Structure formats: C-alpha cells, structure tokens
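The residues making up each chain are set out below.
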Amino acid sequence: MADPILSVRDLHTYFVADEGVVRAVDGTSFDLHSGRTLGIVGESGCGKSVTAKSILRIVERPGRIVSGQIMLRRQNGSTVDLTTLPTDGRDMRSIRGGEIGLVFQEPMSSLSAFHTIGNQLMEAIRLHTNLSKRAIREQAIELLAMVGIPRPAQRIDSYSFELSGGLRQRVMIAMALAAEPRVLIADEPTTALDVTTQAQILDLIRRLQQERDLAVMLITHDMGVIAEMADDVVVMYLGKEVEKGPVDDIFHAPRHPYTKSLLRSIPSVLAEPRSRLATITGSIPHPFARPGGCPFHPRCPDRHAVCEITVPAEVVIGENHVTACHLYNKVAA
Amino acid sequence: MLTYVLRRLGLAVITVFAITVVTFVILHLPPVDFVTAYAAQVAASGSSISPAEADAMRLAYGLNEPLLVQYWKWLSMVAVGDFGRSFEYGRPVTEVIGDRLWLTILLSLGAIVVTWGLALPIGIYSAVRQYSIGDYIFTFIGFAGLAVPNFLFALIIMYVGLRVFNTSVGGLFSSEFQLAPWSWAKVWDLAGHLPIPMLILALAGTAQLVRIMRANLLDELRRPYVVTARARGLSERRVIMKYPVRAALNPFASTIGYLLPYTVSGSIIISVVLSLPTVGPLLLHSLISQDMLLGSTIILMLGVLTVFGTLLSDLLLMWIDPRIRLGQLK
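On a predicted model such as this, the values are computed, not experimentally measured, just so you know.

A. Structural view of the sheet that holds strand β5 (residues 79-81) of chain A. Residue and element names in this part refer to chain A. Reading across from one edge, β2-β1-β4-β5 is the order of the four strands in this open sheet, with antiparallel pairing throughout. The sheet is open, and its two edges are formed by β2 (20-32) and β5, each paired on a single side. Going from strand to strand, the sheet's axes swing by 10° on average, the running direction of each strand aside. Of the pairings in the sheet, the one linking strand β4 (residues 63-73) to β5 comprises three bridges and is antiparallel in character. Each residue of the ladder has a partner; that of arginine 73, found in β5, is threonine 79. Seen against the sheet, helix α1 (residues 48-56) touches β1 (6-17), β2 and β4 and runs at an angle of roughly 110° to β1.

Written out as structure tokens, the structure is:
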C-alpha cells in the first residue's frame with residue numbers, strides 16, 4: 001500500500017478539569033490513504049469526535065493533546081506533525097478546510113442561521129484561494145450543483161432554516177470540499193437524517209471520493225454504515241482502540257469481545273418478530289470512574305482475572321488486523 | 001415583511017391610546033383633587049383660599065365635570081398638540097417641559113450608547129475568556145454595579161468630585177449658562193457636564209447587559225456552527241466576531257425597548273440628586289401636587305417612548321435576524 005496521507009500515532013487527548021482528568025482519546029493510531037475509507041466506530045463518548053477534532057486542532061478547552069503525533073503529507077510534498085503547529089496559526093488554518101475538510105454531525109445547527117449558505121460557502125472558498133468575488137460565487141454555485149442541490153443559483157442565497165436536513169448536509173459536504181482538500185473527515189454525517197436521505201448522502205460521499213481520490217475518515221456508531229462504506233475499520237471503546245483491521249475481517253472474523261457484541265446488537269430483518277435485540281450488558285462507565293485494567297472488562301462476557309489488573313497490549317491477528325485483548329495475548333506470548 | 005411592520009405600527013397606536021386611558025384614570029384615583037391639595041398647601045404656608053375661590057378654580061379647570069368628559073376634552077386637546085396649562089405653574093405644559101424634554105432624550109440616548117459601548121466588548125471578553133482574571137474582575141464590578149443603587153453611586157461621585165477635584169458635579173449647566181439663551185458656548189458647557197450623569201445612568205444597565213451578553217455568548221460558543229466555522233480555516237477572532245457574537249446580539253436590540261423609558265423614569269432619583277434639568281423631577285413634583293395635565297403629559301410621553309422603543313427594537317431585530325424577517329420565528 002502507498003504511503004498514508006495522514007497518519008495518527010498513539011494520540012492522547014485529555015480534558016483536565018477540577019473534578020479529574022477525562023481521557024477522551026487514550027492511545028489511538030491509524031492511517032488514512034487516498035481513495036480509501038477508514039471507518040471509526042464505537043458508542044457515544046468513546047472519543048470518536050474528539051479524535052476528529054484533535055486532527056483539526058479544534059478541541060475545545062480544557063481539552064488538549066497530551067502526546068502523540070498526527071503526521072500529514074502536505075500538498076507540496078513535505079510532511080508535518082500537526083500536534084506541533086500553533087492552533088490558530090497560519091499553517092494550521094490553511095490545513096483546516098484547505099487540506100482536511102470536516103462534515104459535522106448536526107446539519108440542523110452546523111450552519112449559522114444569521115448568514116446565507118452562500119455567505120458561508122463562499123467564505124470557505126475565499127479563505128483558501130485568491131479568486132475574484134464573481135469567480136468565487138460561480139464556484140460556490142458549481143459546488144452546490146455538484147452535491148446535488150436543485151436550482152443552486154437561487155439556493156445560494158437561502159438561509160439554512162429554509163432547507164431540509166438532507167439539503168443542509170449536502171451544503172456541509174460542499175463546504176468541506178470547497179477548497180479541494182484531499183482528506184475528508186465525516187463525523188456521523190448521516191445520524192440526524194432519515195434512512196432514504198442517509199443512503200443518498202453516503203452515495204454522494206462515495207461518488208465524490210472516487211472523483212477526487214479522497215481519503216475519507218468516517219465516524220459513526222452505525223455498523224451498517226461501516227459495512228457499506230469502509231475499507232478499514234477502527235473500533236474504539238473509552239478512548240482506546242480495541243480492534244482494527246480490514247472491513248471483511250472485522251465483520252466476518254471479529255476477535256475482540258466488544259466488536260462481537262457490537263455486531264450482535266445490529267437489528268436484522270431476518271430475525272424472528274418480537275424477538276429481543278441483543279444488547280451489551282451494563283453501560284458506559286462515568287468518564288471520571290474509568291475501570292482499571294482493560295476498560296471493557298466490567299461489561300465483557302469473556303473476562304478473566306487478569307483483565308481487571310493489566311491493560312491488554314495490542315496483538316497482531318492477521319494482515320493489518322490487530323486487537324487489544326488478553327484472550328489472544330496467550331497465543332502471542 | 002411589510003405586513004409585519006404595518007401590524008407593529010397598528011399595535012403601537014392602539015397601545016398609546018390604551019396608555020392615555022390608564023394614565024388619566026390613575027391620575028384621578030386619589031380622593032382629593034388638585035384644588036384641595038393646593039388649598040392645603042396654601043394653608044400650610046399661612047394664608048388660605050375661600051371655598052368660593054376653590055369652586056371657581058374647579059370650574060376654571062373643569063374638575064367638576066364627569067371623568068369621561070374631562071378625558072374627552074383632554075384627548076381632543078392632545079390630538080391637536082395642545083397639552084393644556086399646568087395648574088401649578090400657570091403656564092402651558094409644553095413651556096414648563098420646554099428644553100427638559102430634549103435634554104432628557106439626549107441624556108437617555110447618551111446613556112444607551114455608553115451602556116452598549118461598554119457592555120458589548122466586556123461581555124464578549126468575559127465569555128471568550130471565561131474564568132480568567134479579567135472575567136472575574138468584570139464580574140465583580142458588574143455585580144457591584146447591579147447591587148449599588150444608582151443614586152448612592154451619584155452621591156459618591158458628587159462627594160469625590162467636590163473633595164478631590166473641587167468641582168460641583170450636579171446639573172447640566174454651569175451657573176452662568178443656567179438661564180442664558182442657547183449659544184455655542186452653552187452647548188460646549190453642556191457637553192462638559194453630560195459624561196458623568198451619562199455614566200451613572202448607564203452603570204446598572206451595563207452591568208445587566210454584560211451578564212446577558214456573557215451568558216448568551218457562552219451558549220452560542222458551544223454550538224456546532226462555531227466548530228464548522230473553525231474547521232473552514234477561519235481565524236479564531238473572525239470565527240467569534242462573525243458567528244456567535246452575531247447570534248448573541250439579539251438581546252442588545254431588544255433592550256432599547258425598556259432602556260429608553262427606563263433612563264427617563266428610572267432616573268428620577270438620580271436627576272433629583274444631581275439636580276439635572278430633566279423630565280424626571282418634574283414628573284415627581286406633578287404627581288405630588290396632583291398637577292393633572294402636566295403629569296398626564298409626561299406619562300403619555302413616557303408611554304410613547306416605551307412604545308417607540310419597542311417598535312424600534314422590533315425593527316432592529318427584524319433587520320439583524322433573518323429568521324424573524326422571513327417569518328420563521330414568531
């Protein structure tokens with residue numbers, strides 16, 4: 001496989017508050033490749049969104065990157081570690097939007113209601129090009145057409161509240177791609193949308209990925225979306241990656257008990273009517289009361305005494321397939 | 001949009017009419033009338049007026065007629081711009097109010113401008129740098145500003161002015177200009193006297209607005225559209241000034257509605273303390289002496305100011321908030 005365009009190494013992002021430290025991202029590593037989609041999956045609060053914000057260096061205070069590297073291969077060929085750049089500096093700002101685009105999870109509130117969508121879209125173009133006003137407007141209309149917004153020349157002057165959720169998310173995608181970035185981070189892009197719209201938005205992302213050879217990082221809690229979109233998958237639990245590998249391995253030969261539980265809890269149309277949906281026992285622990293040892297052990301059906309004491313190391317299972325679980329540690333040792 | 005404006009205008013006219021009715025009724029609530037109060041006042045000063053004289057006065061002022069008739073007479077006078085004569089001063093009401101009206105409006109508008117000019121940047125600073133030392137200092141000053149009554153603050157400033165700077169803070173004119181006709185020198189003299197009363201009047205409102213601005217902006221700063229604006233590569237300063245501040249501006253526009261009459265009526269005590277030639281003290285006096293026509297006129301004026309202020313803030317809101325302009329929010 002070619003060199004990754006973005007590679008995250010052992011990223012730790014903590015929120016330090018008076019009550020204690022929340023380890024939102026606690027050691028994740030993954031690579032993004034042009035033309036491929038990396039799915040990041042996990043329950044709410046497992047650090048998916050914070051990972052995305054860490055890459056763009058827009059983690060809100062009191063959160064900050066404690067350690068780790070985020071290496072980006074820039075358009076000019078040089079490689080830069082994003083964690084070393086000043087957050088509000090010129091370099092980081094030209095990377096935000098310019099080289100990495102973000103589609104955020106709430107289309108309803110991700111656009112300002114006080115500005116027209118054109119105003120915000122043209123701003124995204126203006127920040128990364130030197131085009132004239134007229135050219136920027138033309139390009140904005142083209143972008144709206146590209147993401148499938150009907151009558152883009154009129155729509156450009158509408159406000160976000162005049163558009164449906166699906167159309168708003170299309171605008172968000174147009175905005176994320178306005179300055180032709182090579183990496184697209186989509187944070188739960190379809191969560192707030194109904195199923196038909198969801199499929200359309202996913203198709204759109206896939207089409208644009210092919211046209212532009214985008215590296216896509218798709219964050220979701222929906223295993224169905226992962227199955228449909230991802231080439232590689234990272235499964236996260238409480239800020240840690242518990243398993244990662246090619247999508248086929250994850251779905252057909254899952255190793256970590258958490259991945260298995262997630263897959264079991266997908267509703268199936270083939271299931272017996274009125275049968276109970278499998279759930280994961282227990283609930284996500286409070287961020288300040290994180291269990292010791294393996295973070296998943298209180299909810300794990302296969303736990304052993306060792307799980308409560310030591311944090312499992314990552315074990316290589318197959319090609320590009322690793323998991324962090326004591327069940328496989330014995331084999332490796 | 002036009003229907004919105006027209007509806008607001010129609011409501012404004014009806015509201016002003018309702019205010020005149022209430023004003024008139026309230027002024028007639030006390031069991032004694034102006035003549036009785038006046039007779040008591042004269043008696044207190046040693047002389048007296050005979051019952052015949054009192055009746056003659058009542059006849060002259062039309063105080064014997066039914067309330068409805070009095071109201072109708074007053075309203076038809078006001079409609080053509082004649083506010084009648086003040087019982088107490090024996091001069092036309094417009095003449096008694098005279099320059100006081102313009103000075104009051106000048107002072108009020110000045111106070112509003114000072115309020116906004118201070119509250120907006122301080123509110124933004126306090127929200128963006130939440131829990132910083134600066135935020136704590138402004139918060140402390142803000143609560144002190146809310147807690148300390150304005151007139152006390154006025155007294156303190158007068159005291160300090162007299163003791164430390166040896167200048168009299170009261171009034172809007174130096175003594176030599178008090179009764180002089182308008183001239184450039186008098187305007188200049190006024191300009192020198194305005195800032196301190198303006199500041200005192202603005203203090204409480206500023207403290208309140210800073211709190212509102214801070215709270216609103218803190219809410220807005222956490223919205224997803226701020227994150228997406230940052231993700232576009234906008235600098236932090238531009239992100240904050242263009243998006244969340246804009247969204248948090250609504251309460252500023254709505255404050256004109258109450259700030260306008262507040263600075264007139266709420267400033268009565270300050271005006272008395274600082275002996276400002278504004279409408280406030282005049283209103284107080286007319287209510288004590290039951291000077292009906294003077295009191296009615298001032299209250300009517302306050303009512304019109306409130307209604308006008310509300311109308312102004314509605315139009316301003318419509319201008320800054322597209323959701324209102326396009327009829328998405330009621």
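Moving on, there is more to tell.
B. The arrangement of the domain arrangement of chain B in detail. All names here are of chain B. Once the domains are mapped, chain B shows domain 1 (2-96) and domain 2 (100-325). Domain 1 and domain 2 are separated by 31 Å when their C-alpha centres are compared. Each side of the interface is counted separately: domain 1 has 30 residues, and domain 2 has 23 residues. A combined buried area of about 2400 Å² lies between domain 1 and domain 2, and 75% of that area is made up of carbon and sulfur atoms. Interface area lost by domain 1 to domain 2 is led by Tyr4, Leu27 and Trp74, which between them contribute 22%. Our count for the contact surface shared by domain 1 and domain 2 stands at one salt bridge. Residue aspartate 314 pairs with arginine 8 through a salt bridge whose shortest N-O separation is 2.4 Å. Here domain 1 and domain 2 share two residue pairs in polar contact (both at pLDDT 80 or more) between them. For the side of domain 1 that touches domain 2, the secondary structure elements donating two or more residues are α1 (2-27), α2 (34-44), α4 (67-79) and α5 (93-97). The greatest single-element share of the side of domain 1 that touches domain 2, amounting to 12 residues, is contributed by α1.

Calculation rules
- Residues numbered from 1 in each chain as written.
- Chains lettered and ligands numbered in written order.
- Predicted model: local features only at pLDDT ≥ 70, side-chain atom pairs only at ≥ 80, totals over all residues.
- Heavy atoms only, no water.
- Pairing = 2+ DSSP bridges.
- Helix = DSSP H or I, 4+ residues; strand = E, 2+ residues; numbered from the N terminus.
- Axes fitted to C-alpha atoms, helices over the stretch in contact; angles between N-to-C directions.
- Contact = heavy atoms within 4.5 Å.
- Domains from an automatic or database assignment.
- Buried area = accessible area lost by both parts, 1.4 Å probe.
- Salt bridge = Lys/Arg side-chain N within 4 Å of Asp/Glu carboxyl O.
- Polar contact = N/O pair within 3.5 Å; in protein donor to acceptor, adjacent residues only side chain to side chain.

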